[in-house]
Amino acid sequence: MLARVNNHAVEAVELTKQFDRFTAVNRVSFTVRRGEIFGFLGPNGAGKTTMIRMLLGLLAPTSGQATVLGFDIVRQASEIRQHIGYMSQRFSLYNDLTVAENLDFFGGIYGVKGKRFRERERYVLKMAGLQGRERELTKNLSGGWRQRLALGCAILHEPEMLFLDEPTAGVDPISRRRFWELLYALSEEGCTIFVTTHYMDEAEHCHRLAFIQRGRLVAIGSPEAIKREKMRGQVLEIDCAAPQQAINALRSMNLFDETALYGALIHVVAEDIEVHRARIEAVLREAGAEIRSMDVIAPSLEDVFIASVRGGDES
Amino acid sequence: MLYRIWKLTIKELIQLVRDRLLAPFVLLGPLAELLLIAWSTSQGIEHLPTAVLDLDRSAASRGMIAAMINTETFAPYFVETLDQITEDIHRGRALAAWIIPRGFEARLLDASGDSPSVQVILDGADAMAAQTASEVAKGVVASYGQQIVLQSALPGVGNPVPLEMSLRVWFNEEMKESNYMIPSELGFLAAAITAMIASMAIARERELGTLEQLMVTPIRTVELVIGKSVIAIALGYTEFLLMLGLVVWGFDVPLRGSLPLLMVIAFLYMLVELGWGLMISAVARTQMQALLVALMVVMVMVVFCGYAFPVETMPPLMQAIANIFPLKHWMVIFRGILLKGAGVDVFWRELLTIAGLGAVIYTGTVLLMRRKQLE
């Protein structure tokens with residue numbers, strides 16, 4: 001058994017990945033502590049999947065180092081594999097196998113056999129809600145069930161850490177919530193979870209977050225800390241009629257850091273937003289958008305993210 | 001390690017059984033093809049429609065024609081003019097023609113004058129039939145002690161052939177085409193099946209996205225390769241044995257050499273063919289890609305290795321290139337054991353070559369896979 005050099009779940013130092021002239025991950029450093037749910041947040045193409053693949057030993061970094069569970073990702077990649085579970089972005093169980101056959105296969109690959117396997121299989125089936133459906137072909141399961149099965153296959157061997165790459169993509173909101181409840185339960189049992197996502201509301205569920213944009217680390221910390229540090233200005237939430245016209249009118253004022261549509265609501269962001277309240281009311285009245293409510297609200301992560309991404313763009 | 005290979009093999013088996021398209025194709029396809037070839041060639045070259053122009057109408061000419069009929073190679077019908085012969089051959093109504101000139105008998109009996117000649121025309125478009133037929137014709141005429149001039153119906157191909165007095169065909173006395181074609185077919189099929197299945201095996205995982213999942217598990221590259229190969233080899237080898245049985249018992253192809261020796265060498269040969277199938281698998285991104293590339297390689301191999309045309313008739317450069325294909329050496333060994341009862345002392349050179357090629361191929365495969373993993 002090779003020795004572990006540290007007790008962090010992940011420690012990355014100046015990790016970089018370059019493809020020809022395109023830099024996918026640019027000198028990213030961060031630490032993931034044991035037992036926490038760590039979120040990697042960013043738009044598509046930001047480098048999230050590249051990062052996960054490097055940590056898992058599927059891709060060699062161009063420069064920089066990292067350890068997962070104390071093992072070096074380049075030199076001790078095979079050590080890491082026994083202790084982690086992985087759910088890829090694309091569904092990667094065998095569609096032509098039944099639920100039980102998939103569990104049997106992955107259990108066997110991880111060396112989970114006999115009595116221990118039967119116990120784990122029972123646990124996983126219960127967790128996924130698939131009891132009684134063992135003989136169904138995997139391809140006949142719908143989205144949410146498949147994700148839970150994939151999660152089940154990843155935890156059969158009771159790994160110390162889970163890597164999930166956009167695990168709830170394309171899954172309905174109720175299944176998503178159920179999925180996160182499972183993740184919480186696992187985290188409480190001591191499993192470290194590294195998850196990438198671009199769903200902001202999911203990001204709120206993480207203990208700590210890292211924002212990635214264009215391969216660079218833009219912010220890191222707990223959701224509250226990030227909101228506190230990174231949010232410039234306040235958010236005014238406006239509920240009015242004819243939101244589209246309202247938005248155009250507000251944008252032409254050229255006063256605000258951000259003017260965005262959130263469903264049927266409008267978020268306007270600026271420092272000291274109260275100062276502009278009167279003028280906003282005037283502009284909206286002129287545009288024929290009857291105001292139903294207008295309140296300063298606590299910024300959501302989405303507001304923060306867009307603000308810091310904007311900031312990143314400008315700098 | 002063995003446990004993981006076992007799990008992988010089971011999974012492959014389940015997937016194969018559930019694949020309703022692939023399984024029957026793999027099992028029945030080669031058998032069907034073999035049956036077709038065997039049936040169509042087991043007749044030998046017989047009863048070629050032959051246009052006969054007897055301008056002599058003598059006892060001698062009739063005797064010659066009777067001798068021709070006796071060979072069963074030619075099925076004569078009579079025509080009146082040369083033009084008819086030309087037309088019939090061009091139309092494909094006749095595949096051969098015999099012309100016995102006027103004065104044939106007279107010249108035959110006159111020992112002091114010119115020797116009589118008979119003209120035999122063969123449709124060279126079917127080279128194999130023409131070759132066989134020409135040998136038979138020579139044999140017939142030889143018994144008459146005449147000098148004959150052979151011409152092929154295709155322009156530019158014909159050249160006068162000296163009379164061979166003693167013609168004896170070795171090892172394939174009946175000159176049964178099947179004894180030549182069927183071993184070729186078997187050898188080719190055995191190679192093709194194993195390689196094609198293998199080439200798709202890993203490509204399928206890559207195409208479905210499950211390969212990435214596998215690479216993150218403790219499974220090692222070697223274990224993955226072995227797990228995939230077990231099924232491919234099992235299928236290919238079973239096919240080979242089935243086809244061998246069919247051919248030896250159903251179509252009377254002789255098995256003059258040692259059966260155990262054949263079985264061992266066949267297995268080793270298949271391992272080698274499996275090797276390049278795996279090499280394709282390592283780089284192909286989809287199953288279709290893998291299958292098409294494998295098919296292409298098989299086609300090339302088949303041309304180079306004397307399956308359709310004898311190696312000796314190809315230009316020297318092509319003959320040299322043919323040596324890199326294990327199939328060529330396997331054919332020699334296979335035919336040797338079947339038809340000549342040959343042992344290792346005869347074909348040890350080919351055996352070593354196959355082993356050497358196998359080593360090269362597998363080294364290449366492993367290197368390729370390692371390079372593909374960490375880019």
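Reading the values: the criteria
Residues numbered from 1 in each chain as written. Chains lettered and ligands numbered in written order. Predicted model: local features only at pLDDT ≥ 70, side-chain atom pairs only at ≥ 80, totals over all residues. Helix = DSSP H or I, 4+ residues; strand = E, 2+ residues; numbered from the N terminus. Buried ≥ 20, exposed ≤ 12 C-beta atoms within 10 Å, placed from the backbone. Contact = placed C-beta atoms within 7 Å. Core = buried A, V, L, I, M, F, W, Y, C linked by C-beta atoms within 7 Å. Arc of directions from axis to C-beta. Pairing = 2+ DSSP bridges. Axes fitted to C-alpha atoms, helices over the stretch in contact; angles between N-to-C directions. Nonpolar A, V, L, I, M, F, W, Y, C, P; charged D, E, K, R; others polar. pLDDT = per-residue confidence, 0-100. Parallel < 35°, antiparallel > 145°, perpendicular 65-115°, else oblique. Left-handed = near helix turned anticlockwise from the far one by under 90°. Domains from an automatic or database assignment.

## Thoughts on the overall build of chain B
Scanning chain B from terminus to terminus reveals 14 helices and five strands. Counting all 375 residues of chain B, 38% fall into the buried class. Sequence-distant contacts in chain B: of pairs separated by 6 or more residues, those separated by 24 or more amount to 80%.

## Some words on the overall build of chain A
Of regular secondary structure, chain A possesses eleven helices and 14 strands. By the burial criterion, 41% of the 315 residues in chain A qualify as buried. Taking all contacts inside chain A whose residues are at least 6 apart in sequence as the whole, residues at least 24 apart take part in 72%.

## Here's the deal with the nonpolar core
Counting residues in each nonpolar core, the largest one holds 150 residues, and the members touching the most others are Leu55, Val68, Leu162, Phe163, Ile193 and Phe194 of chain A. Here leucine 55 of chain A is in contact with Val10, Ala66, Val68, Ile73 and Phe163 of chain A, once residues within four sequence places are set aside. Formed by 26 residues, the second largest nonpolar core is a distinct cluster that contains Ala96, Ile100, Leu122 and Ala133 of chain B.

## Things to note about helix H8 (residues 223-230) of chain A
Residues and elements named next belong to chain A. For H8, every residue scored as buried is listed here: Pro223, Ile226 and Lys227. In an axial view of H8, the angular spread of the buried residues amounts to 100°, which keeps them on one side of the axis. Seen from the buried face of H8, the exposed residues on the opposite side, beyond 90 degrees, are Glu224 and Arg228.

## Comments concerning the environment of alanine 32 of chain B
All names here are of chain B. With respect to the helices, strands and loops of the structure, alanine 32 is situated in helix H2 (residues 22-41). Given 11 C-beta atoms within a 10 Å radius, alanine 32 is considered exposed. For the pair alanine 32 and methionine 243, spaced 211 residues apart in the sequence, the C-alpha separation amounts to 9.9 Å.

## Looking at unusual backbone geometry
Residues and elements named next belong to chain A. In the Ramachandran plot, leucine 69 falls in the positive-phi region, its phi being about 55° despite a non-glycine side chain. Mapped onto the elements of the fold, leucine 69 is located in the loop between strand S4 (63-68) and strand S5 (71-72). The phi dihedral of glutamate 166 is positive, around 45°, even though this residue is not glycine. Relative to the helices and strands, glutamate 166 resides in the loop between strand S7 (161-165) and helix H6 (173-188). Overall, the presence of 21 C-beta atoms within 10 Å leaves glutamate 166 in the buried class.

## Notes on helix H1 (residues 48-55) of chain A
Counting buried positions over the eight residues of H1 of chain A gives eight, a clear majority of the element. Just beyond H1 of chain A, the residue with positive phi is glycine 57 of chain A, at close to 80°.

## Some words on the sheet that holds strand S8 (residues 192-197) of chain A
Residue and element names in this part refer to chain A. Spatially, six strands are ordered S6-S7-S8-S3-S9-S10 in an open sheet, and the strand pairing comes out mixed. Looking at the sheet topology across the chains shown, the edges are occupied by strand S6 (84-87) and strand S10 (216-221). Neighbour-to-neighbour, the strand axes of this sheet turn through a mean angle of 15°, independent of strand direction. Bridge count for S7 against S8 is five bridges, and the pairing is parallel. Residue pairing across strands places aspartate 165 opposite threonine 196, the latter belonging to S8.

## Some points on the interface of chain B and chain A
Where interface size is given, it is often the accessible area lost as the parts come together that is meant. Each partner contributes residues to the interface: chain B has 17 residues there, and chain A has 17 residues. Here the side of chain B that touches chain A takes seven residues from helix H1 (residues 2-18) of chain B, the largest share from any one element. Here the side of chain B that touches chain A is composed, by residue class, of seven nonpolar, five polar and five charged.

## Topic: the sheet that holds strand S1 (residues 10-19) of chain A
All names here are of chain A. The four strands are arranged S2-S1-S4-S5 in an open sheet whose pairing can be described as antiparallel. The open sheet is flanked by strand S2 (22-32) and S5, the only strands paired with a single partner. Where S1 and S2 come together, seven bridges link them in antiparallel fashion. Across the sheet, the residue bridging to phenylalanine 19 is phenylalanine 22, located in S2.

## So, the pairing of S6 of chain A
Residues and elements named next belong to chain A. Residue alternation in S6 divides its side chains into two sets, Ile84 and Tyr86 and Gly85 and Met87, and both sets are buried. Taken together, the four bridges between S6 and S7 define a ladder with parallel strand orientation. Note that in S7 the partner of glycine 85 across the bridge is leucine 162.

## Points about the confidence of the model for chain B
Residues and elements named next belong to chain B. Looking at chain B, the pLDDT average stands at 77 and 81% of residues meet or exceed 70. Here strand S5 (residues 149-152) stands out as the element of chain B with the lowest mean pLDDT, 42, in contrast to H1, whose mean of 90 is the highest. When the criterion is pLDDT under 50, residues 146-175 qualifies, and its contacts beyond four places in sequence or with other chains add up to 53 contacts. The ipTM, which scores confidence in the relative placement of chains, is 0.80 for this predicted complex, and the corresponding pTM is 0.75.

## Notes on the packing of helix H10 (residues 259-283) of chain B against helix H11 (residues 287-304) of chain B
Residues and elements named next belong to chain B. Across the interface, H10 lies against H11 with an axial gap of 9 Å and an inter-helix angle of 140°. Considering their axes alone, H10 and H11 lie oblique with respect to each other. The hand of the H10/H11 crossing is right-handed. Side by side, H10 and H11 meet where Gly277, Ile280 and Ser281 of the first sit next to Ala290, Val293 and Ala294 of the second. Residue classes in the contact of H10 with H11 are distributed as four nonpolar, two polar and no charged.

## Digging into the packing of H1 of chain B against helix H9 (residues 221-250) of chain B
Residues and elements named next belong to chain B. It is the contact of H1 with H9, at a shortest axis distance of 8 Å, that shows an interaxial angle of 40°. Between H1 and H9, the angle falls in the class oblique. As for how H1 packs across H9, the hand of that crossing is right-handed. Listed contacts from H9 to Arg4, Ile5, Leu8, Thr9, Glu12, Leu13 and Leu16 of H1 are Glu223, Leu224, Ile226, Gly227, Lys228, Val230 and Ile231. The class makeup of the residues in the contact of H1 with H9 is eight nonpolar, two polar and four charged.

## What about the environment of glycine 233 of chain A?
Residue and element names in this part refer to chain A. Along the chain, glycine 233 turns up in the loop between H8 and strand S11 (234-240). Separated by 92 residues in sequence, glycine 233 and leucine 141 have C-alpha atoms that sit 46 Å apart. Residues contacting glycine 233, with those up to four places away along its chain left out, are Asp257, Val269, Ala270, Glu271 and Ile273.

## Examining the domain arrangement of chain A
Looking at the assigned domains, one finds that chain A contains domain 1 (10-226) and domain 2 (232-298). The C-alpha centroid of domain 2 of chain A is placed 39 Å from the C-alpha centroid of domain 1 of chain A.

## Here's the deal with the environment of isoleucine 226 of chain A
Residues and elements named next belong to chain A. Structurally, isoleucine 226 can be placed in helix H8. Separated by 53 residues in sequence, isoleucine 226 and proline 173 have C-alpha atoms that sit 25 Å apart. The residues touching isoleucine 226, leaving out its near neighbours within four places in the chain, are Leu209, Ala219, Gly221 and Val304.

## Considerations on the confidence of the model for chain A
Taken over all residues, the pLDDT of chain A has a mean of 88, while the share at 70 or more is 97%. Looking across chain A, the model is least confident in helix H11 (residues 301-314) of chain A, with a mean pLDDT of 70, and most confident in helix H3 (residues 99-109) of chain A, with 95.

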